[in-house]
Amino acid sequence: RKDQKRMEAEQRQLRTQVLKPLEDEMATLEKRIADLETAQANATADLSKPEVVASPAKFRLVSNTVEQVTQKLEAAITRWESLTEEIETVKKKLV
């Protein structure tokens, strides 16, 4: 009985040490993805504004912004996917 409680306490401690940082990163990443999606939508919408369409320089600037935000978004989503797998793997090992 005492050994079982000790093992459960060790399991909880391990879960906290290993899983908590991953879950914290996941929360931060999800916020970043949401912010990037908003920025991408806003920049994409700017591409259809008459003042942007009428100016090649503005259009190029906004297009570059859309491209940069899209690249950052894709990188964040890729990290989110690998982090999700990592969390699932850790959870399976801790069961």
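A few points on the structure.

Another point: the environment of lysine 20. Considering the arrangement of structural elements, one finds lysine 20 in helix α1 (residues 2-46). On the basis of relative accessible area, lysine 20 is assigned to the partly exposed category, the value being 43%. It is 9.6 Å that separates the C-alpha atoms of lysine 20 and isoleucine 87, two residues lying 67 residues apart in sequence.

This part is about the environment of asparagine 42. With respect to the helices and strands, asparagine 42 occurs in helix α1. The exposure class of asparagine 42 is partly exposed, given its relative accessible area of 47%. The spacing of asparagine 42 and valine 66 is 24 residues in sequence and 8.9 Å in space, taken between C-alpha atoms.

What follows is about helix α3 (residues 56-94). Between its terminal C-alpha atoms α3 stretches 56 Å, which fits the 57 Å expected from 39 residues at 1.5 Å a residue. Along α3, the residues classified as buried are Val62, Val66, Val69, Leu73, Ala76, Leu83, Ile87, Val90 and Leu94. Taken together, the buried residues of α3 touch α1 and α2 (50-53).

Across soluble globular proteins, nonpolar side chains show a tendency to be buried alongside one another. Core analysis: the biggest nonpolar cluster contains 13 residues, and Leu83 and Ile87 have the highest contact counts within it. Of all the secondary-structure elements, those providing two or more residues to this core are α1 and α3. Top contributing element to this core by residue count: α3, with seven residues. Contact partners of leucine 83, with chain neighbours within four places excluded, come to Leu22, Glu25, Met26 and Leu29.

Here is what the cut-offs are and how they apply
- Residues numbered from 1 in each chain as written.
- Predicted model: local features only at pLDDT ≥ 70, side-chain atom pairs only at ≥ 80, totals over all residues.
- Heavy atoms only, no water.
- Helix = DSSP H or I, 4+ residues; strand = E, 2+ residues; numbered from the N terminus.
- Buried < 20%, exposed > 50% of the residue type's maximum accessible area, 1.4 Å probe, protein only.
- Expected span 1.5 Å × (residues − 1).
- Contact = heavy atoms within 4.5 Å.
- Core = buried A, V, L, I, M, F, W, Y, C linked by side-chain atoms within 4.5 Å.

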